[in-house]
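Listed below, chain by chain, are the residues.
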Amino acid sequence: MGPEDILDILEDLGEDEFKKFKWFLEQEGIRRSQLEGARRPDTVRLMVQRYGLDGVVEVTKKVLEKIPRKDLVQSLSDISSGPEGPLWSQTSEAHPPQDPSAAPHTKVVVVPVPEPQSITYYQEMLRSNLKDRFMCATQGWTQNKDKQRLDEIYTELYITAGASIHISKQHEVRQLEMAGKKTDTEKPVKPSDIFKPPPEQYRPIKTVLTNGIAGIGKTFLVHKFVLDWAEGRTNQDVDLLFPLTFRHLNPLKGDQFSLAELLHECIKETVGIKEEALNFIFQKLQSSGNTNYDKSKFKLLFNLDGLDETRLQLDCSTNKTQRLKFKVTESTSVDELLTNLIRGKLLPSARLWITTRPAAANQVHPDFVDIVTEVRGFTDQQKEEYFRKRFTDEKRSNKVISHIKSSRSLHIMCHIPVFCWITTIVLEDLLETREVEELPKTLTEMYTEFLWFHIKQREKKYCLKGSEKSFQDIKSLAKLAFQQLEEGNLVFYEKDLKESGIDVRQASVYSGVFTEIFKEERGRKNEAMMFSFVHLSVQEFLAAVYMVHCYTNRETQVLEKFLGGKYNLMRENKVKQNFSEIKNFFRITHSFLDDFLLGAMHKSLESKSGHLDLFVCFLHGLCLESNQRVLGGLLGQTETSPETIQRAINNLKEMNRDDISPDRSINIFHCLMELNDHSVHQEIQEFLKSGNRSETELSEFQCSALAYMLQMSDEVLDELDLNQYKTSDQGRQRLIPAVRNCRKARLSDCGLSETHCEVVASALKSNPSHLTELDLSYNNLQDPGVQQLCGGLQSPHCRLETLRLRSCRLSETSCGYLVSALKSNPSHLRHLDLSWNNNLQDPGVQQLCGGLQSPDCRLETLRLRSCSLSDTSCGYLVSALMCNPSYLRELDLKGNNLKDPAVQQLCDLVQSPDCSLQTLRFGLYGEKTVTQCSKDKS
Ligand SMILES: Nc1ncnc2c1ncn2[C@@H]1O[C@H](COP(=O)(O)OP(=O)(O)OP(=O)(O)O)[C@@H](O)[C@H]1O
């Protein structure tokens, strides 16, 4: 028993408790003047001086009783029971190793209640339990009996760190196409290193937020992490690891628990750690005042998987301080417990790993997150590894891999592990009977086979004669998929099932048979059952199945509800066209298919979020006779003739609306691919190879296809000049998405608006962002357009150096947006041209000067020709340049009515050796005044 042991005890006191401790020491005879300002080591020294080594323990115990910290009295008793006492700390916590996870865990810490046990005792118990739980995994959502060893099926995922979360308006699957492109700047992270700070930059890491789209492998990653810990492979510094999921926390919403009770409720593997023991550990951490995991006496890690699914009321999206403070051992609502855990209030030194889909990431304020990582799915090499693991026969795996590579859409989709699993299920079955050329190439073909596989499985399992029963069940499921897709729901409850005509008792039939399509999660006490589809794309596919079925069965009410006004319009058109021959609308239903597809396409294009993009692709694909044939009679009699399909193809090619985002228009191209029409793809490939690009006339549709292909190209385009393409204004606008993959973009005078600025802003935000030069002049962008653009300018990924916004009808408000964007990301922009914006005026310049005078501003050229400026603006400019004279070299004020002495002041600055300004242009057009003033060469 030595002074260091007493110091250890004092380290466990919170600040207030330590003050109290010193106050009692005063009563025990140590002078106040000595104790004032004394830190914990000084206090121990004073105590040893005053009471001697023998007396120190007694006094410490006495004072601890009074504070009161009886738990520490108990610890002290254990310590003073000498070397044969059960367990004791061997190391000091004061100096954590630089890489604590790598260091062997030499410290032995006791948990004295209910009976003294070392933390390693509990750790071993938890490890062994979690190992049993996570050792095996189900692929997709197969039944338990199909479980396989996780280590055998797990394929490494590509994970990157440092990403900023960017909620995109593109469909997730389309984002994926971009995400599949690896960049030089991103940093791959090993799953085991998820909590490691960047090399040479030690800082305490508490919370990591990992985001990734649906089915990309977040849950699998967490399971692998837990298993590796439980099997002693990685992260061995963690004493206790608690894997929680929001899916399981949801049914507890509003219920009252202490943290220990909650863990026992949600993680049955923890029940061997008695509530008292957990409370002891939690209390220690809460009261110690320590916020650094590395210095923590007990090192805890909480996994919170699936934030996107939470139905709890979490209050973490703002960093506003909450007044409420409660003890970790007290009961409170689950919502509040989780809120305080994430905010770092509950256990300030415990680590937290939250996983989420990107759309929900903003539920946690960046102040509560130390590192953001992203699961990017499989790289091309990892895709191959996955298939080699699944198809052990080499010949067969080669066949599968080369087939996937031959179809661009399948190859892209295989970035998503869950799609690899779907592909495996389908190909495993088909390879027995088909040649490679006959294997599914489009997404619709793949999902159609996937569904048929399940229908057949069901028939086999239940010895059904004919498919009628399966069809009935699939139709109900498809109805649910459609209704929930329209509402934007991915997780459903019993009442949702009932509304779609699914008997809840039958849900087990669905989950028993179609578990791979439909997964069921049981809530606590079977009270609230939740359901979801294996992946959003499966829901989208089934939703399309439902719509086609309603179409062939003339369920007009459903069609009318879905298509709204468009339905009536189409009906009227058709009836008008055929009025002489056809009196009854339904008699013409079969020739109405192309109009139906057109209506659905328009509806999907109007969605701001793109939530119907993939659905409408499947809808087109399912109209092909070849796909309908695979599904037997499920879809009913569609009688799609080649002429109807050709009309649908023509409709897609001719579709032209100027009120939709060019990103949405690209989906028209994807629909065409699902109809197996590759003509446009070939045309664009030829166009790209040809030398006379500016002479070939492009239709609007071809422009969308070209935009897609340029955007996806591995080569970054040096310059995108919209005026070089021979097409309409709308065609030019449809080319805008290509801005994401070019260095210079000349987009002037193309009738662009705020919607297009959104796409350009997303190019500036993307990682990496290639754009260095951007010209948006002579477009009616107005202030809202610039506001959109500034969302991109302030992104840390933005590398824009030159921005031209001549004659865009901007006012001082735009200057405000520009300045605040540049203040938050000032390092890149060098040249800014805002000429011919008559409404800018002096208040606009005043705003700009607020940015110009900031020491971080690196602007070298500022053009403000014809902006209706007066001498007042010169005053603002002079004072800004006097504050920050070192960067601006060229100032162009031509076309503004400026006079002496205001102009003279600026000319003086040009001549001043302290000011970097080299050239000043001023004067009115047509006047013979001096129009340029340059620095004297001397
Ligand atoms: N690393 C991997 N190796 C092998 N298969 C994987 C891997 N990751 C995911 N999968 C497959 O993909 C399926 C879906 O993965 P997972 O549940 O982890 O996705 P998720 O990102 O958590 O999706 P969601 O956001 O929908 O919850 C798994 O059931 C499994 O079949």
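Every value quoted in this text rests on a predicted model; they were computed, and no experiment measured them. (Residues numbered from 1 in each chain as written. Predicted model: local features only at pLDDT ≥ 70, side-chain atom pairs only at ≥ 80, totals over all residues. Heavy atoms only, no water.)

A word on the pairing of strand E8 (residues 240-245)
Our working rule: Here the term buried applies to any residue with accessible area under 20% of the maximum for its type, exposed to any over 50%, and partly exposed to those in between, with areas from a 1.4 Å probe on protein chains only. Going along the chain from the N terminus, every DSSP run of H or I of four or more residues is numbered as a helix, and every run of E of two or more is numbered as a strand. Any two strands with at least two DSSP bridges between them are considered paired.
Burial runs high along E8: 5 of the 6 residues are buried. In this structure, E8 lies alongside strand E10 (residues 300-305), joined through 6 bridges in parallel fashion. Its bridge partner being in E10, Leu240 is matched across the sheet by Leu300.

Here's the deal with helix H28 (residues 642-654)
In plain terms, the rule: By definition here, a helix of n residues has an expected span of 1.5 Å times n minus one. This arc corresponds to the set of directions leading from the helix axis out to the C-beta atoms. Residue contacts follow a heavy-atom distance rule, with two residues in contact if any of their heavy atoms lie within 4.5 Å.
Spanning 13 residues, H28 covers 18 Å between terminal C-alpha atoms, matching the ideal 18 Å at 1.5 Å per step. Residues of H28 that are buried include every one of Thr644, Ile645, Ala648, Ile649, Asn651 and Leu652, and no others. Here the buried residues of H28 occupy an arc of 160° about the axis, which is enough to place them on one side. Facing away from the buried side of H28 by over 90 degrees, the exposed positions are Pro642 and Glu654. Residues of H28 that are buried sit in contact with helix H25 (593-606), helix H26 (613-622), helix H29 (662-674) and helix H31 (700-712).

Notes on the nonpolar core
Inclusion rule: Take the buried Ala, Val, Leu, Ile, Met, Phe, Trp, Tyr and Cys residues and link them wherever side-chain atoms come within 4.5 Å; each set so joined is a nonpolar core.
Formed by 255 residues in total, the largest nonpolar core has its most connected members in Phe282, Leu300, Phe302, Leu347, Phe615, Leu747 and Leu805. Counting residues per element, this core draws most heavily on helix H22 (residues 536-552), at 12 residues. Leu10, Leu25, Met47 and Val56 belong to the second-largest nonpolar core, a separate cluster that totals 24 residues.

Some points on the environment of Gly344
Inspection of the secondary structure assignment puts Gly344 in the loop between helix H13 (334-342) and strand E12 (351-356). Note: C-alpha distance between Gly344 and Ala902 (558 residues apart in sequence) is 56 Å.

Description of the side chain of Glu269
Convention followed: Under the rule applied, a polar contact is a pair of N or O atoms within 3.5 Å (in protein, one hydrogen donor and one hydrogen acceptor; residues adjacent in sequence only if both atoms are side-chain atoms).
In this structure, Glu269 sits in the loop between helix H11 (259-266) and helix H12 (275-288). With a relative accessible area of 7%, Glu269 lands in the buried category. In this structure the side chain of Glu269 is engaged in a polar contact, spanning 3.0 Å, whose partner is the side chain of Arg133. Glu269 has contacts with Leu126, Asn129, Leu130 and Arg133, leaving out every residue within four places of it along the chain.

Brief notes about the packing of helix H2 (residues 15-27) against helix H4 (residues 40-66)
Helix-helix packing: each pair is described by the crossing angle between the helix axes and the interaxial distance. For clarity, the cut-off: Here, axes are lines fitted to C-alpha atoms. For helices the fit covers the stretch in contact, and angles between N-to-C directions go from 0 to 180 degrees. Orientation labels follow simple angle bins: below 35 degrees gives roughly parallel, above 145 gives roughly antiparallel, 65 to 115 gives roughly perpendicular, and whatever is left gives oblique. Each residue receives one of three labels: charged for Asp, Glu, Lys and Arg, nonpolar for Ala, Val, Leu, Ile, Met, Phe, Trp, Tyr, Cys and Pro, and polar for the others, Gly being one of them.
Viewed as axis vectors pointing N to C, H2 and H4 meet at an angle of 100°, and their least axial separation amounts to 10 Å. It follows that H2 is roughly perpendicular to H4 by the angle criterion. Only Arg40, Thr43, Met47, Tyr51, Val59, Thr60, Val63, Leu64 and Lys66 of H4 make contact with H2, whose side of the interface consists of Glu15, Phe18, Phe21, Lys22, Phe24 and Leu25. Each residue belonging to the contact of H2 with H4 can be placed in one class, and the counts come to 9 nonpolar, 2 polar and 4 charged.

Section: the pattern of salt bridges
What counts is decided by this rule: Throughout this description, the term salt bridge denotes a Lys or Arg side-chain nitrogen within 4 Å of a carboxyl oxygen of Asp or Glu.
According to the stated counting rule, one finds 47 salt bridges in the structure shown. The partner of Lys196 in a salt bridge is Asp193, and the shortest N-O contact between them spans 3.7 Å. For Lys196, a relative accessible area of 36% puts it in the partly exposed group. Note that Asp308 and Arg357 form a salt bridge whose closest N and O atoms lie 3.6 Å from each other. Separated by 49 residues along the polypeptide, Asp308 in the loop between E10 and strand E11 (332-333) and Arg357 in the loop between E12 and strand E13 (371-375) bring together distant segments of the chain.

Some details on the environment of Gln782
Along the polypeptide, Gln782 turns up in helix H34 (residues 782-793). Ignoring anything within four residues of it in the chain, the contact list for Gln782 reads Cys808, Arg809, Leu810 and Ser814. Of note is the side chain of Gln782, whose polar atom sits 2.9 Å from the side chain of Asn780.

Here we look at the packing of aromatic side chains
Applicable threshold: When two rings of Phe, Tyr or Trp (its six-membered ring) have centres within 6.5 Å they constitute a pair, described as stacked for plane angles under 30 degrees, edge-to-face for angles over 60, and tilted for the intermediate range. Throughout this description, the term charge over a ring refers to an Arg CZ or Lys NZ atom that lies within 6 Å of the ring centre and within 35 degrees of the ring normal.
Applying the stated rule across the entire model yields 21 aromatic pairs. Seen in terms of ring centroids, Phe482 and Tyr546 are 5.5 Å apart; in terms of plane orientation they differ by 35°. Their pairing is tilted. One end of the pair, Phe482, is in helix H19 (residues 468-487); the other, Tyr546, is in helix H22, with 64 residues separating them in the sequence. An identical accessibility class is assigned to Phe482 and Tyr546; each is buried. Three or more aromatic residues joined by ring pairs form one cluster here, namely Phe419, Tyr447, Phe541 and Phe618. One Lys or Arg, Lys224, reaches over the ring of Tyr154 and ends 5.5 Å from the middle of that ring.

A short note on the site of the ligand
Quick reminder of the rule: We call a residue near a molecule or strand as soon as one heavy atom of that residue lies within 4 Å of the molecule or strand. To be clear on the numbers: accessible area is Shrake-Rupley with a 1.4 Å probe, and residue cover counts the displayed protein chains and nothing else. For the purposes of this description, domain bounds are those given by an automatic or database domain assignment.
Looking at the ligand, there are 20 residues lining it, with Thr155, Gly215, Lys218, Thr219 and Arg357 nearest. Backbone polar atom of Gly215 to an oxygen atom of the ligand: 2.8 Å apart, as the coordinates give it. In this structure, Phe220 approaches the ligand through a main-chain N or O atom, which is 2.8 Å from an oxygen atom. Here the ligand loses 96% of its free accessible area of 630 Å² to cover by the protein chains. Taken together, the elements giving at least two residues each to the shell around the ligand come down to helix H9 (218-230) and helix H17 (417-430). Ranked by the residues each element gives to the shell around the ligand, the list is headed by H9, at 3 residues. The residue makeup of the shell around the ligand, split by class, is 11 nonpolar, 7 polar and 2 charged. Here the shell around the ligand spans two domains, and each of domain 2 (147-377) and domain 3 (379-441) adds at least three residues to it.

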